[in-house]
Structure formats: C-alpha cells, structure tokens
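Single-letter residue listing:
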Amino acid sequence: MGAAEPAASLAATVAASVAAPVADRASEAALAELAAYGDEPPQMRSGAVGKSGFLRLGFERRDGTTILADLDSRTPYLAQRALHCDEALPDMAWLFVITTAGCVLQGDRMALEVTVGPGARAHVTTQSATKVHAMDANHARQTQAFHLADGAYLEYLPDPLIPHRGSRFASETRITVAPTASMICAEIVQPGRKHHRADESFGMTVLSLATSAARPDGRVLFNEKLLIEPLQHPVRQAGVMDGYDVFANVLLCTPKATADRVHARVGAEVDRERGVASGACRLPNDAGLVYKVVGRETEQVKARVREFWAVAREEIAGAAIPGGFYWR
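Residues numbered from 1 in each chain as written. Predicted model: local features only at pLDDT ≥ 70, side-chain atom pairs only at ≥ 80, totals over all residues. Heavy atoms only, no water.

Trainee: Now, about the overall build of the chain: what can you tell me, with residues and values included?
Mentor: Across its full length, the chain holds three helices and 18 strands. Burial statistics for the chain: of 328 residues in total, 53% are counted as buried. In the chain, the share of contacts with a sequence separation of at least 24, taken over all contacts with a separation of at least 6, comes to 74%. (Helix = DSSP H or I, 4+ residues; strand = E, 2+ residues; numbered from the N terminus. Buried < 20%, exposed > 50% of the residue type's maximum accessible area, 1.4 Å probe, protein only. Contact = heavy atoms within 4.5 Å.)

Have a look at this one:
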C-alpha cells in the first residue's frame, strides 16, 4: 500500500461513489485481488439503494461527558443513541452499530466514519457478528475511517467477522490519530461456519483486510494488509494458520510511554495443550503495539483480546473494563 490520502475524505468519497456504476469506480480497480469479481449481480446491481450503507459518528466532550454530537446514516447502516453504561468510565459514550440487513451480501458497499473530539472517550461495537454470505457475482467492500483529536480515546471492538464459503470481501481501515490520542481496534476472524459443512472452514474466495494509520499532518505511521485466498495459497500450513481456526488482529495506537507499559505487561504466550497463542510487538514510528492471537475456538481468542483490552485501558484511562455480556 502506498501513502494514505487524507483520511478525512475517505468515508465521504466512498459514500459518494457507492451508488455509481461499477465501471465508474476507479478506486475499486486498485484492489487486484477483486479484479476478477466485477460482474454485476442479477438480482440488484452493486451499490444500489439498500446496498450502500453509510454511517458517520461524531463524539465530543461536553460538560465532562462524551456525547454523540454528530450522526448521519444510510441503510443498511443504523445507529440509535449513545449509552453511558460503563461504571468504570461513566463519561465514556457507548454505541452499537446496527446493520438492518443482518448480513453482508454480494454487491454491498459499506462506509463507516468515526470522529472523536479532543478529550472525548467512546466505545464503538456491533450488535452481532458480521456474516459475509456466499457470492456467485461481484464482491462486498467495507471502508472505515477513524479520526482522533488530542487526548481522545476510542475503543473499536466489533464482534467477529464470519466469511462464508465462496465469499469475496475486502475491508480498508484508515486511522488518523493525534500524538496524544489512543485507540484500540480489533478484528476477530472466524474460518466460516465450520460446523455447518466441511468446505466452509476457510472456504472464502477472497478475504482482504488492510489497515493504515497517519498523524493529522499526513505523516504515515504504518500500513498492514492481510490477504487470504485459500484456493491459491492454502492456510492449513505451518507459518500460516496450521491447526488453528480463529485469529485476531488488535492494533493499539497510543503514545510511546503508554505502549511501553502495556508491552511490559503482555509479552507472548503459547498454550499448545489448549490450542491458543498470542503475542505483542511494537508498531513502527512509535505508533503503538500490534497484538495477534490464534486459537482453535472463538471464545479462546475473545478471552485473549479482552485481556489485552483490560491492560490497555488500565494504562490509558486508569480504569477496568466492564464485565462480559452473557448474551454475547
């Protein structure tokens, strides 16, 4: 990936382009892994009304509390109101991103933009796992842009991504973070509906996950891209997934002093008997840490991610994370 364009224009650009014909979307051609999947679905063309979701969230700190000051959405994306349900951080705004379609289908184009103002603190998550259904035409794309001002703190911890057999999905995340701001961003990816049928496990056609971060002045901090194409490059081999089924990629963008304290408490751990392994290392340009987890089961991976989240929040905000929800 090359140098990131200003992230502030990312979601707006995507939102403006999703309703245009595929032939007019030059940006899509930049993803070589999707070049073979530009045909139009016979049911409804890609990016049509109802298939071009857009959600903009703007959090601001007012009178000692973070509020949702800006909200704009287009179906199938939806958000209702911010909640203040965190006993350890009562000023933090919690918001659940809702997808009225209930899943991601071929031809879907989704754009999320989140802005956290100076000193504001927010937690953004999803109502459930993101299920990417099987596809016989076109593909699905998701674009996410996050902007954090000085002293802002954002926890973006969505539920797992579940790519079904034959799905083609690409996600691009761009983060703009001020030097004094902190953000923890997690992606948990399941292999598919592995208990449904044998070829569902890593049966997706293309899964592309790209992330980049930069300072407000445009200085690029890091770029990362995970590309899974099981038919061309099998994942059941040493050095890739081997015997593990679920993986998590967690990014912690935070000042160096905070990253040092978190890194000293986390380290690496491999439990061969239980089938779970995790470890943290430093991001370039003193941008923070990256924490990766692989496991046989989703709950194992979720537990490790929660442990890392707990340490990060203690070091950043001096508070404990809330207890887990029994229904999630």
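Let us keep going from here.
Trainee: Summarise the pattern of salt bridges; cite the residues concerned and give the values.
Mentor: Inspection of the entire model under this criterion finds 26 salt bridges. Here Glu200 makes a salt bridge to Arg165, at a shortest N to O gap of 3.7 Å. Of the two residues, Glu200 sits in the loop between strand E12 (182-189) and strand E13 (206-214) while Arg165 sits in the loop between strand E10 (161-163) and strand E11 (168-177), which places them 35 residues apart along the sequence. Judged by relative accessible area, Arg165 falls into the partly exposed class, the value being 30%. Several salt bridges share partner residues, and in doing so they unite Arg165, Arg193, Arg197, Asp199 and Glu200 into one network. (Salt bridge = Lys/Arg side-chain N within 4 Å of Asp/Glu carboxyl O.)

Trainee: Summarise unusual backbone geometry; cite the residues concerned and give the values.
Mentor: Cis geometry is found at the peptide bond from Thr75 to Pro76, where omega equals 15 degrees. With respect to the helices and strands, Pro76 occurs in the loop between strand E2 (65-74) and strand E3 (77-78). Positioned with a positive phi, Asp242 is a non-glycine residue whose angle comes to about 50 degrees. Secondary-structure assignment places Asp242 in the loop between strand E14 (220-228) and strand E15 (246-253). In this structure Asp242 comes out as partly exposed when scored by relative accessible area, which is 44%. A positive phi angle, close to 50 degrees, is found at Asp286, a residue other than glycine. Within the secondary structure layout, Asp286 lies in the loop between strand E17 (276-282) and strand E18 (288-295).

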